[in-house]
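# Structure at a glance
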Amino acid sequence: MKRILAGLLAAALAPLDAPAAEPLPKVARSVEVSITNVDVVVTDAKGRPVTDLTPLDFVVMQEGKAQAISNFSFVRNTNAPAVPAAETAPSGPSPAASPAPAPPGPAGARLVVFLDFLHMTAPNRNRAVASLAEFLPRTLGPRVEVQIVSWDRVLRPRGAFTNDGKVISAVLEALKGESALGDAPAREKSRLFAMIDSALNADARTRGPLVDQAISTLRGWCDSQAHDVDATLDAARSTAASLSGVEGRKILILVTEKLPPSPGRELWEYFQRGFDRVSRGPKLGNANNSMTEMTWKDFDRSASFQGLATAANGAGVSLFVVDASGLTGDTMLSAEFAGTGDSVNEGLATLDAESALHLLAEETGGAAIVGRNNLALALESLEPAWTSYYSLGFESSTSKPGVPRSIRVSVKRPGVRVLTRRNVIERTAEQKVADAVLSGVHFPKTLNPLQASLHIGTPKKSGSMWLVPLEFSIPLEKLTFVPQGGRARGAVLFTAVAAEADGRISPVTTERAPLDIPEADLGSLAGKHFTYSATLKVRGG
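Since we're looking at a predicted model, the values are computed, not measured.

### Some remarks on the overall build of the chain
For the chain, the helix and strand inventory stands at 11 helices and 21 strands. Out of the 541 residues in the chain, the part that is buried amounts to 42%. In the chain, once contacts between residues fewer than 6 apart in sequence are set aside, the share between residues at least 24 apart is 76%. On the chain, roughly 27400 Å² of surface is accessible, and the fraction owed to carbon and sulfur atoms is 55%.

### Things to note about the sheet that holds strand β10 (residues 367–369)
Strand order in the open sheet made by the six strands is β7-β6-β5-β8-β9-β10, with mixed pairing throughout. The sheet is open, and its two edges are formed by β7 (155–157) and β10, each paired on a single side. The average angle at which neighbouring strand axes cross in this sheet is 20 degrees, direction not considered. When strand β6 (residues 144–151) meets β7, the two strands line up antiparallel, connected through three bridges.

### Observations regarding the packing of aromatic side chains
This structure, assessed with the given rule, holds 10 aromatic pairs. Ring centres of phenylalanine 72 and tyrosine 390 lie 5.7 Å apart, and the angle between their planes is 35 degrees; on these two criteria the pair is classed as tilted. Taken as a pair, phenylalanine 72 in strand β4 (residues 69–76) and tyrosine 390 in strand β11 (residues 388–396) lie far apart in primary sequence, 318 residues in all. Taken as a pair, phenylalanine 72 and tyrosine 390 share a single burial class, namely buried. Aromatic pair phenylalanine 494 and tyrosine 532: ring centres 4.4 Å apart, planes at 10 degrees, arrangement stacked. One end of the pair, phenylalanine 494, is in strand β19 (residues 487–496); the other, tyrosine 532, is in strand β21 (residues 529–539), and 38 residues separate them in sequence.

### Focus: the packing of helix α4 (residues 183–200) against helix α6 (residues 265–279)
In contact at an axis separation of 10 Å, α4 and α6 are set at 15 degrees when each is read in the N-to-C sense. For the element pair α4 / α6, the angle class is roughly parallel. Like other packed secondary-structure pairs, α4 and α6 cross with a definite hand, here right-handed. Along its contact with α4, which presents Lys189, Leu192, Phe193, Ile196, Asp197 and Leu200, the element α6 presents Glu266, Leu267, Tyr270, Phe271, Gly274, Phe275 and Val278.

### Regarding the nonpolar core
Side chains of a nonpolar character, in soluble globular proteins, are inclined to be buried together. Formed by 38 residues in total, the largest nonpolar core has its most connected members in Val113, Leu115, Leu136, Ile148 and Val255. With five residues, helix α2 (residues 122–139) is the largest single contributor of residues to this core. Ignoring any residue separated from it by four or fewer positions in sequence, one finds leucine 136 in contact with Val113, Val146, Ile148, Ile168 and Leu172. With 29 residues, the next largest nonpolar core counts Val149, Trp151, Ala309 and Ala315 among its residues.

### Re the sheet that holds β19
Strand order in the open sheet formed by three strands is β18-β19-β20, with antiparallel pairing between adjacent strands. Two strands lie at the open edges of the sheet, namely β18 (482–484) and β20 (509–518), each paired on one side alone. Direction aside, neighbouring strands of the sheet carry axes that sit 35 degrees apart on average. Judged from the three bridges that link them, β18 and β19 form a sheet pairing that is antiparallel. Bridge pairing links glutamine 484 to arginine 487 in β19.

### Concerning the environment of asparagine 163
Relative to the elements of secondary structure, asparagine 163 occurs in the loop between β7 and α3 (165–175). By relative accessible area, asparagine 163 is classed as partly exposed at 35%. Spatially, the C-alpha atoms of asparagine 163 and valine 144 are 6.4 Å apart, while their sequence positions differ by 19 residues. For asparagine 163, the contacting residues outside a window of four places in its chain are Leu140, Gly141, Pro142, Val144 and Glu145. A distance of 3.3 Å separates a polar atom in the side chain of asparagine 163 from the backbone oxygen of glycine 141.

### Describing unusual backbone geometry
You will see that arginine 153, though not glycine, has its phi angle at about 85 degrees, which is positive. Looking at where arginine 153 falls in the secondary structure, it is placed in the loop between β6 and β7. With a phi angle near 55 degrees, glutamine 451 is a residue other than glycine that sits in the positive phi range. By the element assignment, glutamine 451 lies in the loop between α11 (429–442) and β15 (453–456).

### A few points about the confidence of the model for the chain
Here the chain averages 81 in pLDDT, while 80% of its residues score no lower than 70. For residues 1–31, every residue scores under 50 in pLDDT, and the model assigns this stretch five contacts once sequence neighbours within four places are set aside. Across residues 329–339, confidence stays below pLDDT 50; counting only partners more than four residues off in sequence or on other chains, it has 24 contacts.

Definitions and limits used
Starting afresh in each chain, residues are numbered from 1 along the sequence in its written order. Given that the model is predicted, a residue must reach a pLDDT of at least 70 before its local features are reported, and side-chain atom pairs must reach 80 or more before they are shown or counted; all residues, however, enter totals for whole chains, interfaces and linings. Calculation of side-chain values draws on the structure's entire complement of heavy atoms; hydrogens and water are dropped beforehand. Helix and strand labels come from DSSP, where a helix needs a run of H or I of at least four residues and a strand needs a run of E of at least two; each type is numbered from the N terminus. Partly exposed describes any residue whose relative accessible area lies between the buried limit of under 20% and the exposed limit of over 50%, with all areas from a 1.4 Å probe on protein chains only and scaled to the type maximum. Whether two residues are in contact is decided by their heavy atoms: any pair within 4.5 Å suffices. Accessible surface is estimated by sampling points in the Shrake-Rupley manner with a 1.4 Å probe; for residues, cover comes only from the protein chains shown. For two strands to be treated as a pair, DSSP must find no fewer than two bridges joining them. A fitted line through C-alpha atoms represents every axis, and for helices the fit uses only the stretch in contact; the resulting angles, taken between N-to-C directions, go from 0 to 180 degrees. Geometry of aromatic contacts follows a simple scheme: Phe, Tyr and Trp rings, the Trp one being its six-membered ring, pair when their centres are within 6.5 Å, and the pair is stacked under 30 degrees between planes, edge-to-face over 60, tilted otherwise. Should an angle fall under 35 degrees it is taken as roughly parallel, and over 145 as roughly antiparallel, whereas 65 to 115 is taken as roughly perpendicular and any remaining angle as oblique. Should the near helix be turned anticlockwise from the far one by less than a right angle, the crossing is termed left-handed; should it be turned clockwise, right-handed. We define a nonpolar core as any set of buried Ala, Val, Leu, Ile, Met, Phe, Trp, Tyr and Cys residues linked to one another through side-chain atoms lying within 4.5 Å. For the purposes of these results, a polar contact is taken to be a pair of N or O atoms within 3.5 Å, where, inside protein, one atom must be able to donate a hydrogen and its partner to accept one; residues adjacent in sequence count only when each atom of the pair is a side-chain atom. Residue-level confidence of the predictor, termed pLDDT, takes values from 0 up to 100.

Given below as structure tokens:
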């Protein structure tokens, strides 16, 4: 669209009485070039930021192809004295002259602390909040702001971004009195283990129906837990999407506890091993309610974890994930449940959860904190990720909106550690709108540059659902039309999402409404409106 408007403007400015000139040969072609920016953190063996690198020290590869750095800056978001450069020698002789430095990089860093109270137990929640209260006021400054949000099936922003340590301390102090919901699943798990034992140890005449009932109950519980994982990751995705248009360094610190990519995996494996022992049979249950060694995969949520990483990369957000459970004992040696002789393999579930957190961090250029009791000290070691880093930019002549594109950044200096995202994603206009709408569910805000109005009709019952009629009205003079052969055309995207009271979010839906009017009518749009009707299908409440 920008190229079309520029062409029209150039034609309008041409002198009308200029003599005709001989046509010149065509010597140019249109090339769409996009600038990709990545933040790169470089530290030495002791974790200190390396601050003396030049563009010639970096190698940037996108989809296996070397990229020339067109924009380069070192960003310091702290008022502290300059940190000494790493005590490592360059890999070769210094070049005679370095490229001229680019203008300063994006100003400031914004950190969002996402507290997952849905999955944290009360003791670990308290420990995590205390660690944050110790660390966050120290990392704040004129160029570093923090916002705290909590999640307990409702996403609750706890104020706006601030660099006031007293405000952050007050917010965290208030959170100590709120409920943590992670204790309930642990209690329910113990009950389910006991139920499995009771079914497997029942008399042979009643074992079948009891086992079928146990499978059905376990499926229902795992389905509920999987929905909670999806909702949690959707809330984190919305939080990341809300930062999409923010300039500078963007960090999402996700504090959770053993967030499972496969809820109930240890329960299903325990169940299967117990059944194999008492019946020596490979399969159990009726045709509609069976259990196999792979039943746990029915509740696998790996795609939701990957979806959060993709959304964060699309918004330019790095994920720093914290498992608040800290150091735990050897869960491979869990106590046996009476009667089956089987131990609970909690270790595999723990490993799954930690691997999922590492995936989120590694994909987005962040870091994972697991197995650490002193969270404040662990976070302090990661502070260079938002206080001292490089901003690199390179041109790409092939646009692939919405498609993850692999990126690798290395430094020509031995002994350093490089931290950056593994994929970059160019968002389409439709995806940016969907991100904004999804973000608006949790972070309500009103933006109405088109001066549109919405009329909500009377809902009507349709089975278990409700049909809500909607009518949108937009002044035509606020819309953009492109002349095409005597017609003027355009389109309006209508994007919607619904949230349930328990925090579950419906899929984002988008409808495209075409615009088509005679070109001659472009001069008389004032006072006229474009009206579009739609029906929203929702559950009660």
